[in-house]
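Notes for the structure review
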Amino acid sequence: DLVTCKSLDNRAGLYVMIEAFRALGDHECEVVAVASVQEEVGLRGARVATQRVRPRIGLAIDITLANDGPGAKPHERITRLGEGAAVKVYDTSAIVPAALVDHLVELGRDRGIPTQLEVMARGGTDTRELGLSGDGAAAGCVSIPTRYVHQVVEACHPDDLDACVALVAAFCETAQALVEG
């Protein structure tokens, strides 16, 4: 019941971004999507993109560790497959503003989109550059729980992909309220 292939890291994120734009309903703010490069070697693409776009609010889309396979210790589990979109709270490159975390969790609850919180003790995403580059933006991240990250074959759950699509679309539809608030 899982989606498996090489290079889900980035492919899954692109899928979520494209499908979220297809699902996007009425919204008041300008929404810009960027597929960046070189995240793993210094967040270079995100830095260039945020310098050009200068967002007031931003949402990265990436994968995150599930670490929920057989034999995994409970304290090693960051997220679990099949339990919904992961809302980043913290990683070593970004602390997501509480208002943004709360907004994403509330969107999930209000729209019936399953979510789980993500706290990473190491690693980072383009969220950092969204928050620091250009004029600086309130920056968050919706992550796709994934097993076997950076291995030959990665795995994620189709329901989590659907939840991420729905949450990103909902965020884009409601982001204007955060910009004004």
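See above for the structure.
Here goes a summary of the coordinates provided. Nothing here was measured: the structure is a model prediction, and the numbers come from that model.

**A word on the overall build of the protein chain**
- For the protein chain, the helix and strand inventory stands at 5 helices and 7 strands.
- The helix and strand sequence of the protein chain, counted from the amino end, reads β-α-α-β-β-β-α-β-α-β-β-α.
- Relative to its length of 181 residues, the protein chain is compact, with a C-alpha radius of gyration of 15 Å against a globular reference of 16 Å.
- In terms of overall dimensions, the protein chain has a C-alpha envelope of 45 × 35 × 30 Å along the principal axes.

**A word on the pairing of strand 3 (residues 85-91)**
- Within strand 3, 5 of the 7 residues are buried, which leaves it mostly tucked inside the rest of the structure.
- Relative to strand 4 (residues 94-95), strand 3 is paired through 2 bridges, and the arrangement is antiparallel. By the bridge assignment for strand 4, Tyr90 is matched with Ile95.
- Where strand 3 hands over to strand 4, the hairpin turn is made up of 2 residues, counted between the paired strands.

**A look at a nonpolar patch on the surface**
- Taken together, the side chains of Val32, Val34 and Val53 define a hydrophobic patch exposed on the protein surface, amounting to about 220 Å² of accessible area.
- Here Val32 is to be found in the loop between helix 1 (8-23) and helix 2 (44-53).
- Note on Val32: relative accessible area 45%, which makes it partly exposed.

**Some words on the pattern of salt bridges**
- A full pass over the atoms with the stated rule returns 7 salt bridges.
- Between Lys88 and Asp91 there is a salt bridge, with its nearest N and O atoms 3.1 Å apart.
- When its relative accessible area of 1% is taken as the criterion, Lys88 is described as buried.
- The exposure class assigned to Asp91 is buried, which follows from its relative accessible area of 1%.
- The closest approach of N and O atoms between Glu118 and Lys88, which form a salt bridge, is 2.9 Å. With a gap of 30 residues between them, Glu118 in strand 5 (residues 115-119) and Lys88 in strand 3 connect regions that are remote in the sequence. The pair Glu118 / Lys88 is uniform in exposure class, with both members buried.
- Linked by salt bridges that have partners in common, Lys88, Asp91 and Glu118 make up one network.

What counts, and where the lines are drawn
- Residues numbered from 1 in each chain as written.
- Predicted model: local features only at pLDDT ≥ 70, side-chain atom pairs only at ≥ 80, totals over all residues.
- Heavy atoms only, no water.
- Helix = DSSP H or I, 4+ residues; strand = E, 2+ residues; numbered from the N terminus.
- Rg over C-alpha atoms; globule rule 2.2 N^0.38 Å.
- Buried < 20%, exposed > 50% of the residue type's maximum accessible area, 1.4 Å probe, protein only.
- Pairing = 2+ DSSP bridges.
- Patch = residues over 30% accessible without salt bridge, like charges linked within 9 Å, V, L, I, M, F, W, Y side chains within 5 Å.
- Areas by Shrake-Rupley, 256 points an atom, 1.4 Å probe, with all protein chains shown as cover.
- Salt bridge = Lys/Arg side-chain N within 4 Å of Asp/Glu carboxyl O.

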